[in-house]
Amino acid sequence: MKASFVSSSAMQSTLRLTISQSQTKLLQASTEAATGVYSDIGVSLGSGAAKSVNLTNAISLTDALTASNSIVGLRMDASQTALSSLKDAGDTLVSNLTALQAGQDSTSVAVALQAANDTLSQLISTANTSVNGEFVFAGTNIDETPLTDQSATVTAAISSALSDYATSLGKPVNELSGDEITSFITGTIEPMFSESAWTDPASGWSSASSNSMTSRISENETISSSTSANSEGMRYLALASVVISSLFGQDLGADAKSAVASKAISYASQATSGIVTQQSQLGLSQERLEKANDALDARSTLYQGNLVDLQGVDVYEASTLVNQLQTQLETAYTLVSKLQQLSLVNYL
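Before going into details, it helps to say that this report is about the structure given with it. What you see is a predicted model; the values in this text were computed from it and never measured. (Residues numbered from 1 in each chain as written. Predicted model: local features only at pLDDT ≥ 70, side-chain atom pairs only at ≥ 80, totals over all residues. Heavy atoms only, no water.)

In this section: the packing of aromatic side chains. Counted under the stated rule, the structure contains 5 aromatic pairs. Between tyrosine 165 and phenylalanine 184, the ring centres sit 5.3 Å apart and the planes meet at 40 degrees, which makes this aromatic pair tilted. Residue tyrosine 165 is located in helix 5 (residues 151-168), and its partner phenylalanine 184 is located in helix 6 (residues 178-189); the two are separated by 19 residues in the primary sequence. Of the aromatic side chains, those joined through ring pairs into one cluster are Phe193, Trp198 and Trp205. (Phe/Tyr/Trp six-rings, centres within 6.5 Å; stacked < 30°, edge-to-face > 60°. Helix = DSSP H or I, 4+ residues; strand = E, 2+ residues; numbered from the N terminus.)

Below you can see the structure in the form of structure tokens.
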């Protein structure tokens with residue numbers, strides 16, 4: 001019979017190798033138990049890793065579009081709220097001016113002047129609404145404050161033009177007829193609120209662009225996602241307000257004042273109609289955005305499901321493996337400790 005000898009050093013080396021391998025496997029198993037996916041996609045899926053990368057990229061693109069759409073939706077919601085307030089202001093102005101036509105006593109005139117000034121102030125304030133640092137009515141000039149109040153300059157110009165107009169007719173201002181003041185408004189004041197005058201860099205009210213923002217809401221779909229302070233609705237609301245505030249301060253006769261109120265009502269009505277058109281256009285874009293978001297949500301759910309099927313691991317199985325590896329490591333540590341305690345000195 002031949003005796004065989006095993007070196008304790010060799011046994012320790014074998015156990016150390018086992019411990020090292022078990023630690024690596026434990027780290028992988030712990031990661032998989034915690035995340036529910038393979039710790040090393042490339043090793044686990046092989047050629048299927050390319051499909052995993054494609055799905056991950058598709059999910060990232062979908063998430064990016066969803067986040068972008070959220071900002072676009074917020075901007076359009078703010079625009080709709082602002083436009084609603086302007087429409088209400090226009091309706092209130094029409095109501096006050098209609099009452100003015102029935103009677104031109106000092107109280108009615110004062111109410112109409114106050115309504116005109118309030119409407120103009122609200123227009124300037126609302127048109128300069130910003131969301132996330134971007135002006136929602138600036139068109140593509142999102143960093144430019146859309147409107148600046150030029151009413152004082154325009155009112156002075158109107159007063160001077162009215163005096164010249166009356167002189168050209170050979171009569172004082174207080175003798176102008178309703179038809180004559182209507183002609184003055186149409187021929188002199190209304191052109192001051194044309195789009196070209198409104199956006200004149202030197203003397204205009206607006207720094208906004210007439211071009212609306214275009215936003216991509218899906219991989220192959222874009223929408224117009226803003227509206228501009230250069231719209232007819234906003235310009236005509238300013239026109240209606242200025243016609244009242246500038247001409248009712250003049251020494252006009254009753255017939256002329258009635259004509260002024262009638263013309264201002266017409267402008268205010270055109271303004272509210274234009275604002276409703278803006279709201280309708282934005283509403284169509286909001287509807288398309290909502291449908292695009294629904295499609296993105298469905299696509300993301302599908303991609304996520306496919307990715308889980310491809311990368312997913314059995315979490316229970318991974319947890320069980322973690323427990324087994326921990327037990328194996330504890331056993332190996334114990335054996336190494338006992339081997340290190342072996343010495344011939346103990347047997348001499």
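That shown, we press on.
What follows deals with unusual backbone geometry. Its identity is not glycine, yet asparagine 132 carries a phi of approximately 55 degrees, on the positive side. With respect to the helices, strands and loops of the structure, asparagine 132 is situated in the loop between strand 1 (130-131) and strand 2 (134-135). You can call asparagine 132 exposed: its relative accessible area is 57%. (Buried < 20%, exposed > 50% of the residue type's maximum accessible area, 1.4 Å probe, protein only.)

Relative to strand 4 (residues 221-224), strand 3 (residues 214-218) is paired through 4 bridges, and the arrangement is antiparallel. If you follow threonine 214 over to strand 4, its bridge partner there is serine 224. Two successive antiparallel strands, strand 3 and strand 4, enclose a turn made up of 2 residues. (Pairing = 2+ DSSP bridges.)

The next thing to look at is helix 4 (residues 106-127). Between its first and last C-alpha atoms helix 4 spans 31 Å; for 22 residues at 1.5 Å apiece the expected length is 32 Å, and the two agree. Along helix 4, the positions that sit buried rather than exposed are Ser108, Val109, Ala112, Ala115, Ala116, Thr119, Leu120, Leu123, Ile124, Thr126 and Ala127. (Expected span 1.5 Å × (residues − 1).)

Here we come to helix 5. With 18 residues, helix 5 extends 25 Å from end C-alpha to end C-alpha; this agrees with the ideal 26 Å at 1.5 Å per step. When helix 5 is considered as a whole, its buried residues turn out to be Ser151, Val154, Ile158, Leu162, Tyr165 and Ala166. When helix 5 is viewed along its axis, its buried side chains cluster within an angular range of 100 degrees and face the same direction. Turned more than 90 degrees away from the buried face of helix 5, the exposed residues are Ala152, Thr153, Asp164, Thr167 and Ser168. Looking at the buried positions of helix 5, the neighbouring elements they touch are helix 4, helix 6 and helix 8 (232-247). (Arc of directions from axis to C-beta. Contact = heavy atoms within 4.5 Å.)

Right, let's get into the environment of alanine 240. Mapped onto the fold, alanine 240 is located in helix 8. For alanine 240, a relative accessible area of 0% puts it in the buried group. Put simply, alanine 240 and glutamate 190 are 50 residues apart on the chain and 9.4 Å apart in space, counted from C-alpha to C-alpha. Among all residues touching alanine 240, those that are not within four sequence positions of it are Leu93, Ala264, Tyr267 and Ala268.

Two elements in contact, helix 6 and helix 8, have axes whose closest approach is 12 Å; the angle formed by their N-to-C orientations is 125 degrees. Taken together, the axes of helix 6 and helix 8 lie oblique to each other. When you trace helix 6 past helix 8, the crossing you get is right-handed. Facing Ile181, Phe184, Ile185 and Ile189 of helix 6, the residues of helix 8 in contact are Leu239, Val243 and Leu247. In terms of residue class, the contact of helix 6 with helix 8 is built from 7 nonpolar, no polar and no charged. (Axes fitted to C-alpha atoms, helices over the stretch in contact; angles between N-to-C directions. Parallel < 35°, antiparallel > 145°, perpendicular 65-115°, else oblique. Left-handed = near helix turned anticlockwise from the far one by under 90°. Nonpolar A, V, L, I, M, F, W, Y, C, P; charged D, E, K, R; others polar.)

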